[in-house]
Amino acid sequence: MADLSVNICGIDFKNPIIPASGVFGYGREYEEFYPLSKLGGIATKGTTGKLRTGNPAPRIAETPSGMLNSVGLQNPGIDAFIEKELPNLLHKDTVILANIAGATAEECAEVAGKLNDTDVHMIELNISCPNVKQGGAAFGTSCQMAEQVTKAVRNATKKPLVVKLSPNVTSITDIAKAVESAGADAVSLINTLLGMRIDIKTRRPVLRNNVGGLSGGAIFPIAVRMVWQVSNAVKIPIIGMGGVSSGEDAIELMLAGASAVQVGMACFTDPYAPIRIINEMNDFLDSQNIDTVREIVGTVQPW
Ligand SMILES: Cc1cc2nc3c(=O)[nH]c(=O)nc-3n(C[C@H](O)[C@H](O)[C@H](O)COP(=O)(O)O)c2cc1C
């Protein structure tokens, strides 16, 4: 058995595999399949200041090797999350990353501040959501907005802060450097890529929201490229994700520079995906006589 444990920002993970935010809810449905303690960690559904109902249906569309979603930030709000969901999760013997978001930097800071009195292990700040004070452009699409929201949340919490980057940008490395200088302890990437499908008979977009986020195997090469570029640009650790569906994919993202890996859409096609991926990583490392997964991080040999 290879040693799969990793440490990110002083937090010990028993293995590097973490179901991604938005595909695992608060773990309740998956708990029927396996003990959540087998997971390295869990990233919870994005939580905002107040309850949000999300976008109108249809909000899911299948695409080749992927899926478009416009679920939006449907969640019960931070107070209900802390009262009803977090206590159960904190008993599961796994690292909990509370994914947070907001319409303004102040809202993000307020949500982070409310988590200070809890035992949640890390905060993952989603900067792909619209900043209402800047005409609805996503925080993560400009260095200035990314820096501003990271600083606001940094000032509100001493918990390890992971800033989750948007891939819908010209230069992901510039945004990564901006959030690093604003006080992020780590970055996670990638969130979904903006896409669109149209029903050719009705001439209506398939999603009621017109556009949505593309996830799944189709985006994996983009995730590998962006993790590699960011790992060459910042010193803080990286949690990689985007289209991972096998242990080999997870190893590839770690070679590109990720210290841990989140698994999103693959959890929908196979609820056991995170467990299978952990086992496949172990099998690969054993087959290569590699003792610890930590030793492969960032060891790609570029031409
Ligand atoms: C239905 C759905 C809901 C999501 N909700 C969130 C969310 O609330 N916060 C967030 O940061 N990312 C959210 N994501 C993005 C995923 O966490 C992940 O970054 C993305 O799907 C890419 O990984 P994958 O290809 O493995 O799914 C969501 C993705 C999906 C498919």
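Predicted, not measured: the structure shown is a model, and the values here were computed from it.

Engineer: Lay out the packing of helix α6 (residues 247-256) against helix α8 (residues 273-287) in plain terms, naming residues and giving numbers.
Structural biologist: Where α6 contacts α8, the axes come no closer than 7 Å and their chain directions differ by 70 degrees. Overall, the two elements α6 and α8 adopt an arrangement that is roughly perpendicular. Between α6 and α8 lies a crossing of right-handed hand. Each of Gly-247, Glu-248, Ala-250 and Ile-251 in α6 lies in contact with α8, whose residues at this interface are Ile-277, Asn-279, Glu-280, Met-281, Asp-283 and Phe-284.

Engineer: Requested: an account of unusual backbone geometry, with residues and values cited.
Structural biologist: Of note, the amide linkage connecting Ala-57 to Pro-58 takes the cis form, showing an omega dihedral of -5 degrees. Summarising the element assignment, Pro-58 is placed in the loop between β4 (41-43) and β5 (60-63). Each neighbour pair has its own omega, and for Leu-189 with Ile-190 the value is 15 degrees, a cis peptide bond. In this structure, Ile-190 sits in the loop between β10 (186-189) and β11 (193-195). The phi torsion at Asn-210 lies on the positive side, around 70 degrees, for a residue other than glycine.

Engineer: Mind laying out helix α5 (residues 220-231), listing which residues take part and the relevant values?
Structural biologist: In this model, α5 (twelve residues) spans 16 Å end to end at C-alpha, consistent with the 16 Å of a helix rising 1.5 Å per residue. Those residues of α5 that fall on the buried side of the exposure criterion are Phe-220, Ala-223, Val-224, Met-226, Val-227, Trp-228, Val-230 and Ser-231.

Engineer: Break down the nonpolar core for me, with residues and values.
Structural biologist: In terms of nonpolar packing, the biggest core is built from 94 residues, with Cys-108, Val-187, Val-227, Leu-253 and Val-261 touching the most fellow members. It is α5 that provides the largest number of residues to this core, a total of seven residues. If we skip the residues at most four places from it in the chain, Cys-108 touches Ile-100, Ala-101, Gly-102, Leu-125, Val-149, Ala-152 and Val-153.

Engineer: Account for the environment of Gly-40, with residues named and values stated.
Structural biologist: With respect to the secondary-structure elements, Gly-40 resides in the loop between β3 (17-19) and β4. For the pair formed by Gly-40 and Val-227, sequence separation is 187 residues and the distance between their alpha carbons is 20 Å. Those residues in contact with Gly-40 that sit more than four places away from it in its chain are Phe-13, Lys-14, Asn-15, Pro-16, Ile-17, Ile-18, Thr-94, Val-95 and Ala-260.

Engineer: I'd love a proper account of the pairing of strand β9 (residues 161-164), names of residues and values included.
Structural biologist: Residues Leu-161 and Val-163 point to one face of β9 and Val-162 and Lys-164 to the other, with burial holding for every one of them. Judged from the four bridges that link them, strand β8 (residues 122-126) and β9 form a sheet pairing that is parallel. Looking at β9, one finds that Glu-124 is bridged to Val-162. Between the parallel elements β8 and β9, the chain passes through helix α3 (residues 143-156) in a crossover that is right-handed. Judged from the three bridges that link them, β9 and β10 form a sheet pairing that is parallel. The partner of Val-162 across the bridge, within β10, is Ala-186. Crossover handedness for the path β9 to helix α4 (residues 172-181) to β10: right-handed.

Calculation notes
- Residues numbered from 1 in each chain as written.
- Predicted model: local features only at pLDDT ≥ 70, side-chain atom pairs only at ≥ 80, totals over all residues.
- Axes fitted to C-alpha atoms, helices over the stretch in contact; angles between N-to-C directions.
- Helix = DSSP H or I, 4+ residues; strand = E, 2+ residues; numbered from the N terminus.
- Parallel < 35°, antiparallel > 145°, perpendicular 65-115°, else oblique.
- Left-handed = near helix turned anticlockwise from the far one by under 90°.
- Contact = placed C-beta atoms within 7 Å.
- Expected span 1.5 Å × (residues − 1).
- Buried ≥ 20, exposed ≤ 12 C-beta atoms within 10 Å, placed from the backbone.
- Core = buried A, V, L, I, M, F, W, Y, C linked by C-beta atoms within 7 Å.
- Pairing = 2+ DSSP bridges.
- Right-handed = clockwise from strand over helix to strand, strands pointing away.

Read these as spatial facts, not as claims about activity.
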